[in-house]
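Read off the chains here:
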Amino acid sequence: MTQEEKVEKKKGSSAKILRRLLIPLLLLVALIGGMLIGYVVVGGQDIGSALDYRTWKHIFDLVFAP
């Protein structure tokens, strides 16, 4: 293996690691952003209550109630 091939192999592996970390991070940001937009813009509530833990626990209980 030449030096150029080793450099390419390292470059490719770091790109894979970055992609594996970046995609879940972007999905999490999209989930939180969507919840906030839905609660504040569509629901007409203030952002302070949108970030409150009890609000999301109440919504979770409503959705998954037996």
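Placed above this text is the structure.
Just so you know, these numbers come straight off a predicted model, no measurement behind them. (Residues numbered from 1 in each chain as written. Predicted model: local features only at pLDDT ≥ 70, side-chain atom pairs only at ≥ 80, totals over all residues. Heavy atoms only, no water.)

Caption draft 1: Region of interest: the environment of Asp52. Within the secondary structure layout, Asp52 lies in the loop between helix 2 (47-50) and helix 3 (53-63). Overall, the relative accessible area of 25% leaves Asp52 in the partly exposed class. Here the side chain of Asp52 touches Arg54 through a polar contact of 3.3 Å, side chain to side chain. (Helix = DSSP H or I, 4+ residues; strand = E, 2+ residues; numbered from the N terminus. Buried < 20%, exposed > 50% of the residue type's maximum accessible area, 1.4 Å probe, protein only. Polar contact = N/O pair within 3.5 Å; in protein donor to acceptor, adjacent residues only side chain to side chain.)

Caption draft 2: Representation of the pattern of salt bridges within the structure. Throughout the structure, instances matching the rule amount to 2 salt bridges. For the salt bridge of Asp52 with Arg54, the shortest nitrogen-to-oxygen distance reads 3.3 Å. Linking Asp61 and Lys57 is a salt bridge whose minimum nitrogen-to-oxygen distance equals 3.2 Å. You can see Asp61 and its partner Lys57 sitting in helix 3, 4 residues apart, about one turn around the helix. (Salt bridge = Lys/Arg side-chain N within 4 Å of Asp/Glu carboxyl O.)

Caption draft 3: Expanded view of the packing of aromatic side chains. In this structure the tally under the stated criterion is 2 aromatic pairs. Measuring from ring centre to ring centre gives 5.7 Å for Tyr39 and Trp56, while their planes differ by 50 degrees; the resulting arrangement is tilted. Placement of Tyr39 in helix 1 (residues 3-42) and of Trp56 in helix 3 is noted, with a sequence separation of 17 residues between them. For Tyr39, a relative accessible area of 18% corresponds to the buried category. Given the relative accessible area of 26%, Trp56 is considered partly exposed. Pairing Phe60 with Phe64 gives two aromatic rings, centres 4.7 Å apart and planes at 45 degrees, and the pair type is tilted. For Phe64, a relative accessible area of 58% gives the class exposed. (Phe/Tyr/Trp six-rings, centres within 6.5 Å; stacked < 30°, edge-to-face > 60°.)

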